[in-house]
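# Examination of the molecular architecture
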Amino acid sequence: MKPMAYKLNPRLEKCLTQNLKWKDLRDIQKKAFNPISDKNNTLIVSGTASGKTEAALLPIFNNMLTSKLSGLRVLYLAPLKALINDLNLRILNFATPLGLVSSPWHGDVKYNEKFKSLDDTNILIITPESLESLLTTQKTDNQEIFKQIEYIIVDEIHYFATSPRGYQLISLINRVSRYSESVPIRIGLSATVENKGDILDFLCSNDSSLKKVVVSENGQIKRDIRIIEAEDQISLEKVIQMQLQADSKKKFLVFAHSKSKVESFANALSEMDIKVEVHHASVGKEIRQTVESSFKKSKIQVVIATSTLELGIDIGDIDQVFFLDVPNSASSFLQRLGRSGRLSSNPKCWITFDKTRPDQIFKILGIHYMLEIGSVESIELYSYCPQIFAHQMLSFIYENQRLSSSDLECFLNVFCFSKLNESDSLKDIFSFLVDKDYISKEDKSYIPSTELLNILERPMYKKDFVGVFNADTEYKVTYKGNEIGSISYFMYEQILDKFKKKKPSDFSLANKAWKVDYINETTKKIVVERSNKKNIPFWFSRGESISFDFAQAIKKKLQQSFDSVDSYFNLMEITTFSKPFIQSAILEAKAMVDYSKPIDIASIESGESFLEKIYTYFGDKGNYFFKCLLEICEFEVQSDNFIQITIRSESGLLNSVPFTKLIFSGEKAIKEALFEYFFSHFKLVDHIYELFGDKLEKYIPYSVKTRFVTEYLYDERVIEILGNSFKCN
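Anyway, here's the lowdown on the structure attached to this text. Not measured: the values here are computed from a predicted model. (Residues numbered from 1 in each chain as written. Predicted model: local features only at pLDDT ≥ 70, side-chain atom pairs only at ≥ 80, totals over all residues. Heavy atoms only, no water.)

Helix and strand counts for the protein chain stand at 31 helices and 25 strands. Taken against the 2.2 N^0.38 rule, which gives 27 Å for 729 residues, the C-alpha radius of gyration of the protein chain at 27 Å falls within 12% of a compact globule. If one aligns the C-alpha atoms of the protein chain with their principal axes, the spans along those axes are about 80 × 70 × 70 Å. The long-range share in the protein chain, meaning contacts at least 24 apart out of those at least 6 apart in sequence, stands at 71%. Working note: accessible area of the protein chain is about 31,900 Å², and carbon and sulfur atoms make up 48% of it. (Helix = DSSP H or I, 4+ residues; strand = E, 2+ residues; numbered from the N terminus. Rg over C-alpha atoms; globule rule 2.2 N^0.38 Å. Contact = heavy atoms within 4.5 Å. Areas by Shrake-Rupley, 256 points an atom, 1.4 Å probe, with all protein chains shown as cover.)

Dropping the structure here:
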């Protein structure tokens, strides 16, 4: 390693070359070094296990050593406790020889250990919820804790940006930055993100400082992607069995959309005498940690998981990934596929599909098209989030014991609050919170009032407050005092009913069979014994929706000429059994729709009116937006999915004067029409609000909630395509 090429401090160079035996920096580490050293806000985009964490920290450590900086200088935000624990071990690996200290901070770290670590740590690794809790702890001096912060790193920023947690996070970053004596450099890390500039703006909000996107060039990646139908003679179970028989040291990671399918497939493999473990959010923490550690050390060969192992927890090199369901996005597919082939640079996977589900075949088309063009879906970002503002503002008022007009001006300097001044939302939110006794007005400032004090000064209520996303209610299952995991409310009610009637109430959890010994109805805790009868529990899961970009990718793939399955899917290998079903689905889809049109409409006469199937490929949310526009114009919508909408009409969509007028009335008029429609449809507003995924609606009035739903659902891409359709008519 040539030290002058990267301006490395001698101590850092010695650590890398002698302690860690590095021969050179990786591509992304070379590219990120100068931008971060030059104090650019930086987005680092590079594949799984490519060294992104080190790419961010090397120039930071270099600066800390050269400038002889001490104290807490780096705030590192990550989404999962398990990921934080893993990151801490990785960072300590090269921080410790340099005399630097990193500390994890989350709910599983003992209270005294957390606060003691603040005295000597240089890098604090924390979840947004724990940071929220820390900021609102009255006995801490936030100014003293964060005054020397120079860098704020956000790991898995693409994951944050798709959920309410991301919007909470960027507000928290803004709040922490107020305490720093300098302007902290913001660094985002991601393996898969398309709209990189937008994500960097999201991270930096209105910060006018220098910004830089850094992307690694991994060269041509050879991917082995095999597609198999669920009833193929060589089932996925048999594929796994045969490959383990050929080489018992191979490691396989299997992904499923639902916890129930995880448990079910684990049961099927267990019956084939294959040792397998499961990993999902309803499996107990200690069991999950054991699975992660054992899998990393190759003590187990097969793990079946939901998205809990999609993110960057280190589980070692995986030989192959298996998909029990076709992923709903190219981004998720690549994130999960990236778990395999790290050493060989040849990721391998099998994807299962159901021949009776054309939508699954269509999703394979979307993945293939995005692989062809080297792209993933853009992340939709929202600049009007009044419920996040209300929550964060309450937290800020308690943290500082007041909010002045100058505080508010600074507080609004966040991406997701940028449109709040364009309406009466701010005034309405403050009036609402005063009326509800969360805050009160004192002179020209707002101070905490009864309800806010009740929440943040009671540990149980505060724990609920610091998390902004909806979490399903689940009930703990214990065996000999140890937590096995948890089951859904639906399953709990079934088990309780059977237990009271003295009927068998056996069930499977963590790939083991259990029978109920005792149920504490007060604490809703189930005490179990071992059993030999497995009944797979049911957990409700909405799953990932199909985005506009992914749906459009499916359409663009269908626009391509079809000669044969092999040539059409030149980046994948389709099993012989699967080919006829895929070919039939593609030819049928191409025969039904003219994909050269912006949208295509198929009409079927039905009495005095007729049904119209409108093929849009707008995705789930895009078609829901379209559906609402149709209902505003009094069309009867009979069904909708991510591909098409079916309506009953007397004159036809393209002949509708009211709909034509609405589409060409402009963004402001369309939003006002939506707002008026939603305002009188309470259940519809509730349904759309749930899609965003937060639980903060209690902090905003209904009018503001309705405005949020309007802004959230509106999609200018849908309006543009509809407009082009009417122009072509």
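With that out of the way, let us pick up helix H14 (residues 285-296). Look at H14: 17 Å from first C-alpha to last across 12 residues, which is about the 16 Å you get at 1.5 Å a residue. Within H14 the residues assigned to the buried category are Val 291, Glu 292, Ser 294 and Phe 295. Close packing links the buried residues of H14 with helix H5 (81-95), strand E9 (252-255), strand E10 (276-279) and strand E11 (302-305). Directly after H14, the chain includes Ser 298, whose backbone phi takes a positive value near 65°. (Expected span 1.5 Å × (residues − 1). Buried < 20%, exposed > 50% of the residue type's maximum accessible area, 1.4 Å probe, protein only.)

Here Glu 612 shows up in strand E23 (residues 609-615). Lys 597 provides the closest opposite charge to the buried, salt-bridge-free Glu 612, at an N-O distance of 11 Å. A polar side-chain atom of Glu 612 sits 3.0 Å from the main-chain amide nitrogen of Leu 653. With sequence-adjacent residues up to four places away left out, Glu 612 is seen in contact with Ile 601, Ala 602, Ser 603, Ile 645, Thr 646, Ile 647, Ser 649, Gly 652 and Leu 653. (Lys, Arg positive; Asp, Glu negative; His and termini not counted. Salt bridge = Lys/Arg side-chain N within 4 Å of Asp/Glu carboxyl O. Polar contact = N/O pair within 3.5 Å; in protein donor to acceptor, adjacent residues only side chain to side chain.)

With parallel pairing, 7 strands are arranged side by side in an open sheet as E10-E11-E9-E12-E13-E8-E21. A strand with exactly one partner marks an edge of an open sheet, and here the two such strands are E10 and strand E21 (573-574). Looking at chain direction, strand E8 (residues 224-229) and E21 are connected through 2 bridges and run parallel. If you follow Arg 226 over to E21, its bridge partner there is Glu 573. (Pairing = 2+ DSSP bridges.)

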